[in-house]
Amino acid sequence: MEYQVAADALNGRVILVTGAGDGIGRQAALSYAQHGATVILLGRTVKKLESVYDEIEAAGGAQPAIIPLDMLGATRQHYIDMVDTIEQQFGRLDGVLHNAGLLGVLSPFDQIEEKAFDEVMQVNVKATFLMTQAVMPLVQKSEDGRIVFTSSTVGHAGRAFWGAYAMSKFATEGMMQVLADELSNTSVKVNAINPGGTRTRMRASAFPGEDAKTLKTPEDIMPLYVYLMAPEGAEVNGQCIDAQPKR
């Protein structure tokens, strides 16, 4: 399917992107800004966020905002305070892209360490859950609110050695479906994207022997990311869409 939107499809919209300093999150922030959105960049490495901020400004995009936050240690109160800040600064929040995630360690099931399991679940599931709870009142005020989660091929069908990461993505899809069903009669649309194998650092750490040149870049898969935030995607709800469908 071709995901085409107007060049100014996101004009006037305020969109929060987690994990915005790198990889897919970075490109999503740039692409949202290119289509007119004011982007809030959330991540744990300020230097990376500042680099994306500068790139958006240099391209003539709306002035973004930076929220430095490590989702591994953040509490419910951090997210509540974050939303208060967003409301004070922008008065609105139209979309959230939950992109930040931890891969953890790929290992046999019986060798998954509890600490590694807890960290993956904390970032990929619990922090995403707490943040979603916090942003919901503000997103629900939007005339056309969007919440987009990030899944994985191993969130559709479990795969040997993918351990906590696969489990966390099954949980993410479940969270998306529950929320989409609850909000099905509202102005908020809730979906998930499975980016597929993409040229990122996370992918390289999972597949160290792979030739990255054979993979699509984050920019290649952006049409779907923009579509699900744009007016053109208003009819889609409760779906997990593969950004790279099997031919």
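Heads up: the structure comes first, above all this text.
Reading the values: the criteria
- Residues numbered from 1 in each chain as written.
- Predicted model: local features only at pLDDT ≥ 70, side-chain atom pairs only at ≥ 80, totals over all residues.
- Heavy atoms only, no water.
- Helix = DSSP H or I, 4+ residues; strand = E, 2+ residues; numbered from the N terminus.
- Rg over C-alpha atoms; globule rule 2.2 N^0.38 Å.
- Buried < 20%, exposed > 50% of the residue type's maximum accessible area, 1.4 Å probe, protein only.
- Contact = heavy atoms within 4.5 Å.
- Areas by Shrake-Rupley, 256 points an atom, 1.4 Å probe, with all protein chains shown as cover.
- Lys, Arg positive; Asp, Glu negative; His and termini not counted.
- Charge placed at Lys NZ, Arg CZ, Asp CG, Glu CD.
- Axes fitted to C-alpha atoms, helices over the stretch in contact; angles between N-to-C directions.
- Parallel < 35°, antiparallel > 145°, perpendicular 65-115°, else oblique.
- Left-handed = near helix turned anticlockwise from the far one by under 90°.
- Nonpolar A, V, L, I, M, F, W, Y, C, P; charged D, E, K, R; others polar.
- Pairing = 2+ DSSP bridges.
- Expected span 1.5 Å × (residues − 1).
- Bend = angle between axes of the 7 residues up to and from the residue.
- Core = buried A, V, L, I, M, F, W, Y, C linked by side-chain atoms within 4.5 Å.

A.B. asks: Got a sec to walk through the overall build of the protein chain? Specific residues and values, please.
C.D. replies: Each helix and strand counted, the protein chain has 7 helices and 7 strands in total. Listing every helix and strand of the protein chain by position from the N terminus yields β-α-β-α-β-α-β-α-β-α-β-α-α-β. At 17 Å, the protein chain has a C-alpha radius of gyration in line with the 18 Å of a compact globule built from 247 residues. Split into buried and exposed, the 247 residues of the protein chain put 49% on the buried side. When contacts within the protein chain are restricted to residue pairs at least 6 apart in sequence, those whose partners lie at least 24 apart make up 73%. Accessible area of the protein chain: about 11,900 Å², with a carbon and sulfur share of 50%. One way to put it: in the protein chain the 21 positive side-chain charges average out to a point 4 Å from where the 29 negative ones average out.

A.B. asks: Describe unusual backbone geometry, naming the residues involved and giving the relevant values.
C.D. replies: The phi torsion at Phe-161 lies on the positive side, around 75°, for a residue other than glycine. Relative to the helices and strands, Phe-161 is located in the loop between β5 (146-150) and α5 (163-182).

A.B. asks: Please provide a residue-by-residue account of the packing of helix α4 (residues 114-141) against α5, values included.
C.D. replies: Axis separation between α4 and α5 bottoms out at 8 Å; the angle between their running directions is 15°. Of the possible angle classes, the one that applies to α4 and α5 is roughly parallel. Seen along the crossing, α4 lies across α5 with a hand that is right-handed. Contact residues: Phe-117, Val-120, Met-121, Asn-124, Val-125, Thr-128, Phe-129, Thr-132 and Met-136 in α4; Ala-164, Tyr-165, Met-167, Ser-168, Lys-169, Ala-171, Thr-172, Met-175 and Leu-179 in α5. Of the residues in the contact of α4 with α5, the class split is 12 nonpolar, 5 polar and 1 charged.

A.B. asks: Break down the sheet that holds strand β1 (residues 14-18) for me, with residues and values.
C.D. replies: The parallel open sheet is built from 7 strands, whose spatial order is β3-β2-β1-β4-β5-β6-β7. Single-partner strands in this sheet number two, and they are β3 (65-68) and β7 (240-242). Within the sheet, the average angular offset between the axes of one strand and its neighbour, ignoring direction, is 20°. Packing of helix α2 (residues 46-58) onto the sheet brings it into contact with β2 (38-43) and β3, and relative to β3 it is tilted by some 170°.

A.B. asks: Tell me about α4, and please be specific about residues and values.
C.D. replies: Between its first and last C-alpha atoms α4 spans 39 Å; for 28 residues at 1.5 Å apiece the expected length is 40 Å, and the two agree. Of all the bends in α4, the greatest, near 45°, is centred on Gln-122.

A.B. asks: Now, about the packing of helix α1 (residues 23-34) against α2: what can you tell me, with residues and values included?
C.D. replies: At a closest axis distance of 10 Å, the pairing of α1 and α2 adopts a crossing angle of 25°. Between α1 and α2, the crossing angle belongs to the class labelled roughly parallel. The handedness of the crossing between α1 and α2 is right-handed. Residues Arg-26, Ala-29, Leu-30 and Ala-33 of α1 lie in contact with α2, whose contacting residues are Val-52, Glu-55 and Ile-56. Broken down by class, the residue content of the contact of α1 with α2 amounts to 5 nonpolar, no polar and 2 charged.

A.B. asks: Which residues make up the environment of Gln-122, and what are the values?
C.D. replies: Position of Gln-122 among the secondary structure elements: in helix α4. Considered as a pair, Gln-122 and Val-135 are 13 residues apart in the sequence and their alpha carbons are 18 Å apart. Not counting residues within four places of it along the chain, the set of residues in contact with Gln-122 comprises Met-71, Leu-72, Ala-74 and Ala-127.

A.B. asks: I'd love a proper account of the nonpolar core, names of residues and values included.
C.D. replies: Ranked by size, the top nonpolar core spans 37 residues in total, and within it Leu-16, Tyr-79, Met-82, Leu-93, Val-135 and Val-190 carry the most contacts. Within the residue set of this core, elements represented by two or more residues are β1, β2, β3, α3 (76-90), α4, β5, α5 and β6 (189-194). If one sorts the elements of this core by residue count, α4 sits on top with 11 residues. In this structure, Ile-15, Ala-28, Val-39 and Ile-221 belong to the second largest nonpolar core, which totals 34 residues.

By themselves, these are just geometric observations and shouldn't be taken as functional.
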